[in-house]
Amino acid sequence: MKIVTHKNAYHLALKLGIPIARVKRKRFPDGEIYFRLLEPVDEGIVLASMFPNQNDSLVEILEMVDALDEPIVVISYLAYARQDRKFLSGEAVSSRAIVRAIKYAGASEIFVVEPHSIEALHNIAKPIYVHETLGERISRNVSDPLLVSPDFGRSELVERIAKAYGFDFAFLKKYRDRETGEIITEGEIDARGRNVVIVDDIISTGGTMENAIKIVRDQASSVHVLVIHGLFVDNAYRRIEADSIASTDTVLNAYTKISVAKDILKAIKI
Ligand code: R5P
């Protein structure tokens, strides 16, 4: 068994304790991507993170799957997952197009670490939930925490962590203008004297987190930010004024402090 890893996931592959296959990648002058295995691989596991360079990552995943014989595919960060349905008529369901393409390329099974929603997997891929790992981190670093979801859509994730560890939790409501992208956050939380941990699955521009912090900041004793997939586009961390920021290693960033390696190993039964 060997891991064939995409370069975005190399840091995570090193933590799995499974040999990493040697490969060659190059880019042709016209921008196309070349992939070759440099050694035979039986029972290959493709490991990939689709950020940064989501579109190239997809092509690389398809090529890695094609080069192997029905590999298991583990995607630590599935790009395009937020477009998991048609919000406006005529839209593409982008996440469906992606998981279908990976399956059709020859994947035997596809696992996705904490997908944005179960719908984004379209009954083709399986989720790897990491709430226990997140809860462990919180219990080691924050005493008597109040977990806050910055958006009703993420309350399921926050509730999973809170229930596994007996933490208090609350949620805010967020609306995003589909045309302008403007984010409005509403809700009241009694955060007086509490150590608040705001948990989200993705930080992209940081707007959602910035709004949530503003709501609890004045009352809370401390505010901590925990994110699974930290994209932090355009230096988004500058918008996040918190006592601590921690991200998992599904996407490598300046706040990668938590590894999901053991969750992946458990899911693929190794
Ligand atoms: C949205 O539903 C997600 O859970 C995140 O809240 C969102 O993607 C964060 O985006 P941004 O950092 O741009 O506000």
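Our subject is the structure listed above.
Model, not experiment: these values are computed from the prediction. (Residues numbered from 1 in each chain as written. Predicted model: local features only at pLDDT ≥ 70, side-chain atom pairs only at ≥ 80, totals over all residues. Heavy atoms only, no water.)

1. Structural notes on the sheet that holds strand S1 (residues 2–5)
Short version of the rule: At least two bridges found by DSSP between two strands are what make those strands a pair. Each helix is a run of H or I in the DSSP string that is no shorter than four residues. Each strand is a run of E no shorter than two, and both are numbered from the N terminus. Every axis corresponds to a line fitted to the C-alpha atoms, with the helix fit spanning only the stretch in contact, and the corresponding angles, defined between N-to-C directions, vary from 0 to 180 degrees. Here, residues are in contact when the closest pair of their heavy atoms is within 4.5 Å.
Across the sheet, five strands lie side by side as S1-S4-S5-S6-S7; this open sheet has parallel pairing. The outermost strands of the open sheet, each flanked by one partner alone, are S1 and strand S7 (126–128). Pairwise comparison of adjacent strand axes, ignoring direction, gives a mean angle of 25° for this sheet. Of the strand pairs in this sheet, strand S4 (residues 44–49) and strand S5 (residues 72–77) are connected by five bridges, and their pairing is parallel. Looking at the pairing, serine 49 lines up with tyrosine 77 of S5. Against the sheet, helix H2 (residues 54–67) contacts S1, S4 and S5, and its axis sits at roughly 180° relative to S4.

2. Quick look at the site of the ligand
Rules: Throughout, the term near means that a residue has one or more heavy atoms lying within 4 Å of the molecule or strand in question. A 3.5 Å cut-off defines polar contacts: any pair of N or O atoms within that distance qualifies, except that in protein one atom must be a possible hydrogen donor and the other a possible acceptor, and neighbouring residues in sequence count only when both atoms are side-chain atoms. Working definition of accessibility: Shrake-Rupley area with a 1.4 Å probe, residue cover restricted to the visible protein chains. Put simply, Ala, Val, Leu, Ile, Met, Phe, Trp, Tyr, Cys and Pro go in the nonpolar bin, Asp, Glu, Lys and Arg in the charged bin, and everything else, Gly too, in the polar bin.
Residues in contact with the ligand amount to 16 residues; listed here are only the nearest, Asp200, Asp201, Thr205, Gly206 and Thr208. One of the backbone N or O atoms of serine 204 is found 2.8 Å from an oxygen atom in the ligand. Here glycine 206 contributes a backbone N or O atom positioned 2.8 Å from an oxygen atom of the ligand. Protein chains shield 93% of the accessible area of the ligand, which is 380 Å² for the free molecule. Those elements that place two or more of their residues in the shell around the ligand are strand S10 (173–176), strand S12 (195–203) and helix H6 (207–216). With four residues, S12 is the largest single contributor of residues to the shell around the ligand. Taken together, the residues that form the shell around the ligand break down as three nonpolar, six polar and seven charged.

3. Focus: the packing of helix H4 (residues 131–141) against helix H5 (residues 155–165)
Condition: In a left-handed crossing the near helix is turned counterclockwise from the far helix by less than a right angle, and in a right-handed crossing that turn is clockwise.
Running from N to C, H4 and H5 cross one another at 60°; their axes reach a closest spacing of 9 Å. In the crossing of H4 with H5, the sense of the turn from one axis to the other is right-handed. Residues His131, Glu132, Leu134, Gly135, Glu136, Ile138 and Ser139 of H4 lie in contact with H5, whose contacting residues are Leu157, Arg160, Ile161, Ala164 and Tyr165. Considered class by class, the residues forming the contact of H4 with H5 number six nonpolar, three polar and three charged.

4. Some points on the environment of lysine 26
Checked against the element boundaries, lysine 26 lands in strand S2 (residues 23–27). Considered as a pair, lysine 26 and valine 59 are 33 residues apart in the sequence and their alpha carbons are 13 Å apart. When neighbours within four sequence positions are excluded, lysine 26 is seen to be in contact with Glu32, Ile33 and Tyr34.

5. Comments concerning the packing of aromatic side chains
Selection rule: Side-chain rings of Phe, Tyr and Trp, where Trp is taken by its six-membered ring, are said to pair if the distance between their centres is within 6.5 Å; with planes under 30 degrees apart they count as stacked, over 60 as edge-to-face, and otherwise as tilted. Using a 1.4 Å probe on the protein chains alone, a residue whose accessible area is under 20% of its type maximum counts as buried, one over 50% counts as exposed, and one in between counts as partly exposed.
Under the counting rule described, the total for this entry stands at five aromatic pairs. Here tyrosine 165 and phenylalanine 167 contribute two aromatic rings whose centre-to-centre distance is 5.6 Å and whose plane-to-plane angle is 20°, an arrangement assigned as stacked. By relative accessible area, which is 12% here, phenylalanine 167 ends up buried. Considering the side-chain rings of tyrosine 237 and tyrosine 255, the 6.2 Å spacing of their centres and the 55° angle between planes classify their relative orientation as tilted. Here tyrosine 237, found in the loop between strand S13 (222–230) and strand S14 (244–248), pairs with tyrosine 255, found in the loop between S14 and strand S15 (256–258); they are 18 residues apart in sequence, far enough to count as distant. Taken together through their ring pairs, the aromatic side chains of Phe232, Tyr237 and Tyr255 make up a single cluster.

6. Regarding unusual backbone geometry
Note the cis peptide between phenylalanine 51 and proline 52, where omega equals 0°. Phi is positive for tyrosine 80, which is not a glycine, with a value near 65°. Structurally, tyrosine 80 is set in the loop between S5 and helix H3 (94–105). Relative accessible area serves as the criterion here: at 39%, tyrosine 80 is assigned to the partly exposed category. Located in the positive-phi region is histidine 122, a residue other than glycine, with phi close to 55°. Mapped onto the secondary structure, histidine 122 falls in the loop between strand S6 (109–113) and S7.

7. Considering the sheet that holds S15
Taken together, the six strands give an open sheet; going across it, the order is S9-S8-S12-S13-S14-S15, and neighbouring strands pair in parallel fashion. Edge positions in the open sheet fall to strand S9 (168–171) and S15, since each of these has one partner strand only. Neighbour-to-neighbour, the strand axes of the sheet open up by a mean angle of 35°, direction not taken into account. Of the pairings in the sheet, the one linking S12 to S13 comprises eight bridges and is parallel in character. When the sheet's bridge partners are listed, valine 197 is paired in S13 with histidine 224. The strands touched by H5 are strand S8 (145–149), S9, S12 and S13; relative to S8, the strand with the most contacts, the crossing angle is about 160°. Taken strand by strand, H6 contacts S12 and S13, and its axis lies near 165° from that of S12.

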